[in-house]
Amino acid sequence: MVSGRRLGLVKRLSVSLLLVLIVVAYNGGIKVKGGWDTTDLEALFGFSEAAEEERAASGEVPPPAPGVPGGYRLVSAKDDLELYMENETGHIAVRDLRSGFVWLSRPETDVANLQVSSFWKDNVKSAFVMEYTDDRWRRNIAANSVQAKMDVVVADDIPDGVSVEYNLRDLDIVFTFQYQLLTGNRLSLAIPDGLVKENGHYYLTLLQPLPFFGAQSDDSDGYIFYPDGSGALMSFSQSHFKYPQGFKSLVFGANSRVWDRTIARSQGISHFPVFGIKTGDAAVMAMVDQGTYDCVICCSPSGHVLPLNRGSVEFIYRYKFVTPLRSWTKIQTVDKRRVSGDRAIVYTFLTGDDANYSGMARSYRAHLLAKGQLNEGIAATEVLPLELRVFMGIAKSTLLGKRMVVGTTFSEVQQILTQLMENGVRAVNVTLVGWGRRGYDGSYPRRLPVDSAFGGVKGLTDLTTWAKAQKADINIFLEDNYVDAYRWQRGFSTRTDVIREPNRLPHYFGDHYLLQPRVSLSIAKRDLPEISSYGVDGIEFRLFGEFLMSDGQENAPAGRKSNADTYRKIMGLAGDLGLLIGTQRGNLWTLPNVHRITDIPMRGSGHFYEEESVPFLQMVLHGSIPYSGEIANLRYDPTRQFLRQIEFGAPSVFEIIYADADTLVRTDYNLLYNGGFAELADAISDEYAEVAQALQSTWSEQMIAHEKLCDDVYKTTYSNGVSIVVNYGANRYEADGIKVEGMDYCVVGSQAR
């Protein structure tokens, strides 16, 4: 039996549907902007918000889910997630059924009482923040979804999702956000490039979708993980400073002619396009799935402008640059060319034991494996190696010209390896540094022939032939540079062969230019076949793993993605010749080609808001790609840095010369003040033996967890059940049957120390 109230409701809905059909037939269709506007519905159908609330209270209309603000409608549900949309603004809410936690794109905070400008108040309420320029290309203008005069068109035209079109009427700019729930409790936010329209005199330069999604207040219990170096945390706290800035990093390194290797490393490089927010027993990890080459990771602690801890992604559509005018004055200009390509962020929602940075790393690793961006694993039988960098030599300027300073010859490399094997070293990766024509950085882009001061081609081939005959596992790598071109060298044109800014000026760093990747590829095609004939096992490519630039050549411009693709072709060419591939630092785009990463970051850059560094990079890579970190004989805090190496699961790496350490004084490579092999031989062997004993059982395993047990005590856990506990404190740590002396470590599981 149907009640009178319910029957009345059915009649009203039937009449309403008939009216809709009449209007559609008369007008040829209805365009719904911002979803159904409740005011229009009230006028057309006699509905009122008060009546609807009364009916909801009576049970006739389902009330909003717990934690979901009023005005949001359910648009999709998949696995353990529900996606809600506020049609008027395009804001979203994601409810995790496992924990009941609701993630909001608009924080529930008292915006009116914030002690900030009205623009920042509007930012907090916005579904996007953007920058644009006019047809003078001289300035960037900031805007947000609250201040913009726009139409919002919501359409349920995405499987398991919804699309939101933003039409900025005054700017004649249109773009669309497409939300879609994916399997594995994930949400995709896609911005198709084909749906970004610029129809007038204004042009999009930057778009930051959902700038406050998941933002948390000071009273939340949690932290933000951000991809600074190895990874770092900024914790939520009610007691904090007012910070002048947050973390803001262009993924894969700078895209500017002021790029400097030392400065870039000190400021932090985002090698992976990912960040995460944890609060209580819930967490969300955001990873850029499309548009990775031209995006910025932004994470700010409470105290940076706003009392909110937040993270987001900025997608760059046009780069800014500085161009000189007359009288040495400079102005900021915007590149007229738009960076093409779709953009997408995938949010993964985590709960319980996965709601932490370890769970984020496991999830990100699984994502990379599924997409084929990460190798399956290291063989269980592989012996943990010693990483050994051997510096060969460098040309030194004198009053009479350049003079070669020899640190090591190829025959001396053989003597070094012979002594190390006699001391018990069973596996070693040897990287020869400065082996080519005129030594270290002597004549790039020319590298051949092998310099006769070190033994020439015969000396190198004799070394590689000898190494292959040894019982120990010895791999000989040559460090090589397909990026730099020094101004005093021949073999390239500064007019046609070097990377240029959008202002057409070449990237120039005092003594060298940057080669266009297409030129580097042609050089690699010429040189790599000959290099492979020397019998070396691999090439270690400098710079590929820590920087990436676009090229503003007028006739043949190339974006960062295009240049990365060309660099990958160089690595692929080496792989086709049977050479192993190594890089330094470890940018994401290099991983599918790489067999080995050196100089991986072992900490964050130490920003004042950093709570602590974590091995996120290592958790993603361990067991798949071998890596090593800081040079052992150049440690500034030997004990603490050695413990960090053990905690982060990295073998030891030494950089040496056979000659006395002071040989390189007053050269441009004077960092090996403690690099003489004669003084280091026993220390190298002893440390290798200790590290092999500690890490061999975990070398091929995944690093599945990392946690802080208490102040100064950390635990790293591997997929075979082995754990390593490191104590940085002065006093003994003792708990749960584990005893670790101060400034020491212990291995727990299949072996004990």
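The shown structure was predicted, so the numbers you read here are calculated from the model rather than taken from an experiment.

(A) Expanded view of the sheet that holds strand β36 (residues 713-718). Spatial strand order, β35-β36-β37-β40: four strands in an open sheet with antiparallel pairing. Of all the strands in the sheet, the pair left with one neighbour each is β35 (703-710) and β40 (744-748). Across the sheet, the mean angle separating the axes of adjacent strands is 15° when strand polarity is ignored. Alignment of β36 against strand β37 (residues 723-727), held across five bridges, turns out to be antiparallel.

(B) Seen up close, the pairing of strand β24 (residues 393-398). Relative to strand β25 (residues 401-406), β24 runs antiparallel, the two being bridged by six bridges. The residue bridging K396 from the neighbouring strand is R403, located in β25. Here β24 hands over to β25 after two residues, the two strands then running antiparallel side by side.

(C) Structural detail: the sheet that holds strand β27 (residues 473-480). Taken together, the seven strands give an open sheet; going across it, the order is β32-β31-β30-β27-β26-β23-β34, and neighbouring strands pair in parallel fashion. The open sheet is flanked by β32 (596-598) and β34 (653-656), the only strands paired with a single partner. Within the sheet, the average angular offset between the axes of one strand and its neighbour, ignoring direction, is 25°. Here strand β23 (residues 386-391) runs beside strand β26 (residues 427-433); their pairing, made up of six bridges, is parallel. In the strand pairing of β26, E387 is matched with N429. Contacting β26 and β27, helix α8 (residues 456-468) crosses the sheet at an angle of about 150° to β27. Contacting β23, β26 and β34, helix α13 (residues 677-695) runs over the sheet at an angle of about 170° to β34.

(D) Spatial organisation of the side chain of S624. Mapped onto the elements, S624 comes out in the loop between α11 (616-621) and α12 (638-647). A distance of 2.8 Å separates the side chain of S624 from the side chain of R365, its partner in a polar contact. Sequence-distant contacts of S624, defined by excluding residues within four places in its chain, comprise R365, L374, N375, E376, G377 and I378.

(E) Fine view of the confidence of the model for the chain. Residues of the chain with pLDDT of at least 70 account for 89%, and the chain-wide mean is 88. In this model residues 1-49 is a low-confidence stretch, pLDDT under 50, and it forms 37 contacts with partners more than four residues away in sequence or in other chains. Predicted confidence for residues 257-266 stays below pLDDT 50, and this span has 21 contacts to residues more than four positions away or in other chains.

(F) Looking closely at the pairing of β23. Within β23, six of the six residues are buried, which leaves it mostly tucked inside the rest of the structure. Bridge analysis of β23 against β34 gives four bridges, and the strand direction is parallel. Across the sheet, residue R389 finds its bridge partner in β34, namely E655.

(G) Representation of the packing of aromatic side chains within the structure. Within this structure, the stated rule accounts for 35 aromatic pairs. Ring geometry for F410 and F454: centres 6.5 Å apart, planes at 80°, overall edge-to-face. Within this pair, whereas F410 is found in helix α7 (residues 410-422), its partner F454 is found in the loop between β26 and α8, the two being separated by 44 residues in sequence. Of the residues examined, F410 reaches a relative accessible area of 1% and is grouped as buried. Residue F454 is classed as buried on the basis of its relative accessible area of 1%. Seen from their ring centres, F541 and F544 are 5.2 Å apart, and the 5° between their planes marks the pair as stacked. Of the two residues, F541 and F544, both sit in the buried class. By the ring-pair criterion, three or more aromatic residues cluster together here, those being F101, W103, F213, Y347 and F349. The ring of Y317 carries R343 above its face, with NZ or CZ at 3.8 Å from the centroid. For R596, the ring lying beneath its charged end belongs to F477, and the centroid distance is 4.2 Å.

(H) Summary view of the pattern of salt bridges. Across all of its chains, the model carries 41 salt bridges by this definition. Across the pair D156 and R73 runs a salt bridge whose closest N-O atoms are separated by 2.9 Å. With a gap of 83 residues between them, D156 in the loop between β7 (150-155) and β8 (161-168) and R73 in strand β1 (residues 73-78) connect regions that are remote in the sequence. When the shortest N-O distance is used, the salt bridge between D537 and K468 registers 3.7 Å. Placement of D537 in the loop between α9 (517-532) and β30 (538-541) and of K468 in helix α8 is noted, with a sequence separation of 69 residues between them. Residue class for D537 comes out buried when judged on its relative accessible area of 17%. Bridged by salt links that share partners, the residues E387, R389, D441, E479, E540, R542, R596 and E655 form one connected network.

(I) Structural detail: α12. Taken across its ten residues, α12 has seven buried, putting it largely inside the fold. Buried residues of α12: Q641, F642, L643, R644, Q645, I646 and E647, and no others. Where α12 is buried, its residues touch β33 (612-613), α13, β35, β36, β37 and β40. Immediately downstream of α12, the backbone of G649 shows phi near 70°, a positive value.

(J) Broad picture of a positive patch on the surface. A surface patch of positive charge is lined by K402, R438, R446 and R490. As for its placement among the helices and strands, R490 is situated in the loop between β28 (484-486) and β29 (512-514). With a relative accessible area of 70%, R490 lands in the exposed category.

What counts as what
Residues numbered from 1 in each chain as written. Predicted model: local features only at pLDDT ≥ 70, side-chain atom pairs only at ≥ 80, totals over all residues. Heavy atoms only, no water. Pairing = 2+ DSSP bridges. Helix = DSSP H or I, 4+ residues; strand = E, 2+ residues; numbered from the N terminus. Axes fitted to C-alpha atoms, helices over the stretch in contact; angles between N-to-C directions. Contact = heavy atoms within 4.5 Å. Polar contact = N/O pair within 3.5 Å; in protein donor to acceptor, adjacent residues only side chain to side chain. pLDDT = per-residue confidence, 0-100. Buried < 20%, exposed > 50% of the residue type's maximum accessible area, 1.4 Å probe, protein only. Phe/Tyr/Trp six-rings, centres within 6.5 Å; stacked < 30°, edge-to-face > 60°. Lys NZ or Arg CZ within 6 Å of the ring centre and 35° of its normal. Salt bridge = Lys/Arg side-chain N within 4 Å of Asp/Glu carboxyl O. Patch = residues over 30% accessible without salt bridge, like charges linked within 9 Å, V, L, I, M, F, W, Y side chains within 5 Å. Areas by Shrake-Rupley, 256 points an atom, 1.4 Å probe, with all protein chains shown as cover. Lys, Arg positive; Asp, Glu negative; His and termini not counted. Charge placed at Lys NZ, Arg CZ, Asp CG, Glu CD.

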